[in-house]
Amino acid sequence: VAGTTAFAGSTLAAVFSAVDTPRGDDPHVTDNPIGYALTNGTVFSLTTQNYGADGAAAVKPIQYELVLSSNNVHSGLQTTDGRDIHLFKEGNFIVGRYEVGGNNIPDGSSDEVAAFAISIDPATGQLAMVQYVSLHHPNEGNPDDTVQLNDGTLSVKVTLTDGDGDPASDTVDISCVIQFEDDGPALVGGATLSIAVDEDGLTTGNADAGRIGETAGTGSAVASGAAGALNALVNFGADGPGSAAFS
């Protein structure tokens, strides 16, 4: 969804602009952030809401909050270049951060970079996410596989409050809901490549004589074309190039 999409009384872009820097800027995509995601309504359904004889509170009768199993827990995810991502509770956000350099063990230092961030609307339970850098997908045989948070790492705490202020809470594990789909490479059908060859250097070739349409050269067989121009025929997606073979 677009950053202008409504969320939590504002827009996705405005809400996530409050995520502490540094935030990742993936060099393999033109957009920053890479993208946003938003659930259709509440992240899960409440089958029963029983406020008892006092009835529901007049203000904020139901509230949703994101809760980590522990701060700085390993998410189970890595960036495309193999940096481990740990989860941190930062205000109303859950932020996945990684080290640039160092020992690849994030510890909450202020220079660790945000790979993604998650937020929930406390009133409606609608879940939103922003992604800043591409993530590693281990299944090389599937260009469209998904990875998710480790089970048990992220939950939603739901609190009901009755008319005289008594609260009741419960939590639901939503780790499996946080998924990232791979972005495999694709051939670009409309890409073209132009190559010009000067054959003056061949045994039976004619020397340059300024004739119309002649390719000026050095007297030897040469080809002109931008180095790596064949790469224009492939879109490597958010993960960037690994290797390409043309035959």
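A brief report on the enclosed structure follows. Here the structure is a predicted model, which is why all the values come from computation and not from measurement. (Residues numbered from 1 in each chain as written. Predicted model: local features only at pLDDT ≥ 70, side-chain atom pairs only at ≥ 80, totals over all residues. Heavy atoms only, no water.)

Considerations on the overall build of the protein
Rules: For helices the rule is a DSSP run of H or I covering at least 4 residues; for strands it is a run of E covering at least 2, with both sets numbered from the N terminus onward. Each residue is placed in one exposure class: buried if its accessible area under a 1.4 Å probe, protein chains only, is under 20% of its type's maximum, exposed if it is over 50%, and partly exposed if it falls in between. Residues are treated as being in contact if the distance between any of their heavy atoms lies within 4.5 Å. Here, Shrake-Rupley sampling with a 1.4 Å probe gives the accessible areas, and only protein chains in the shown set may cover a residue.
In terms of regular secondary structure, the protein is built from one helix and 17 strands. The buried share of the protein, taken over its 247 residues, is 35%. Counting contacts in the protein only where the partners sit at least 6 residues apart, residues at least 24 apart contribute 60% of the total. Entry remark: accessible area of the protein is about 13,800 Å², with carbon and sulfur atoms responsible for 50%.

Some words on the sheet that holds strand 3 (residues 35–42)
The cut-off we apply is this: A pair of strands is labelled paired if DSSP reports no fewer than 2 bridges between them. For every element, the axis is a line fit to its C-alpha atoms; helices are fit only across the contacting stretch, and the angle between N-to-C directions ranges from 0 to 180 degrees.
Strand order in the open sheet made by the six strands is 3-9-8-7-6-5, with antiparallel pairing throughout. Of all strands in the sheet, those bounded by a partner on one side alone are strand 3 and strand 5 (73–78). Neighbour-to-neighbour, the strand axes of this sheet turn through a mean angle of 25°, independent of strand direction. Inspection of the sheet shows strand 8 (residues 113–120) paired to strand 9 (residues 126–131) by five bridges, in the antiparallel sense. Counted as the bridge partner of I118 is M129 from strand 9.

Quick look at the pattern of salt bridges
Which entries qualify depends on this criterion: Take a side-chain nitrogen of Lys or Arg and a carboxyl oxygen of Asp or Glu: if they are within 4 Å of each other, that pair is a salt bridge.
In the structure shown here, the tally under the stated rule is one salt bridge. Put simply, E90 and R97 hold a salt bridge, and the shortest N to O gap is 2.7 Å. With a relative accessible area of 5%, R97 lands in the buried category.

Observations regarding the environment of I85
Position of I85 relative to the elements: it lies in strand 6 (residues 84–90). The exposure class of I85 is buried, given its relative accessible area of 0%. For the pair I85 and P106, spaced 21 residues apart in the sequence, the C-alpha separation amounts to 7.2 Å.

Comments concerning the pairing of strand 6
In terms of burial, strand 6 is a largely internal element, six of the seven residues being buried. As paired strands, strand 5 and strand 6 are joined by four bridges and run antiparallel to one another. Its bridge partner lying in strand 6, H74 is registered against H86. Connecting the antiparallel pair strand 5 and strand 6 is a turn made up of five residues, with G82 showing a positive phi of about 85°. Sheet analysis places strand 6 next to strand 7 (residues 93–98), joined by five bridges and oriented antiparallel.

Focus on the sheet that holds strand 11 (residues 154–161)
Taken in spatial order, the three strands of this open sheet run 4-11-12, and their pairing is antiparallel. Of all the strands in the sheet, the pair left with one neighbour each is strand 4 (62–68) and strand 12 (167–173). In this sheet, adjacent strand axes meet at a mean angle of 25° when their direction is disregarded. Relative to strand 12, strand 11 runs antiparallel, the two sharing seven bridges.

Focus on the side chain of H86
The line we're drawing: Polar contact is the term for a pair of N or O atoms within 3.5 Å; when the atoms are in protein, one must be able to donate a hydrogen and the other to accept it, and sequence-neighboring residues count only if both atoms are side-chain atoms.
Checked against the element boundaries, H86 lands in strand 6. For H86, a relative accessible area of 8% gives the class buried. A polar atom in the side chain of H86 sits 3.5 Å from the backbone oxygen of P106. Apart from the residues within four sequence positions on either side, H86 is in contact with N72, V73, H74, S75, V95, G96, R97, I105 and P106.

Some thoughts on the pairing of strand 7
Strand residues, when the strand is regular, have side chains that alternate between the two faces of the sheet. Burial of strand 7 is extensive: six of the six residues sit out of reach of the surface. Both strand 7 and strand 8 contribute to a ladder of six bridges, which runs antiparallel. Paired with I94 across the two strands is I118, which belongs to strand 8.

Quick look at the environment of L127
Structurally, L127 is set in strand 9. A relative accessible area of 4% places L127 in the buried class. Spatially, the C-alpha atom of L127 lies 9.9 Å from that of V156, the residues being 29 residues apart in sequence.

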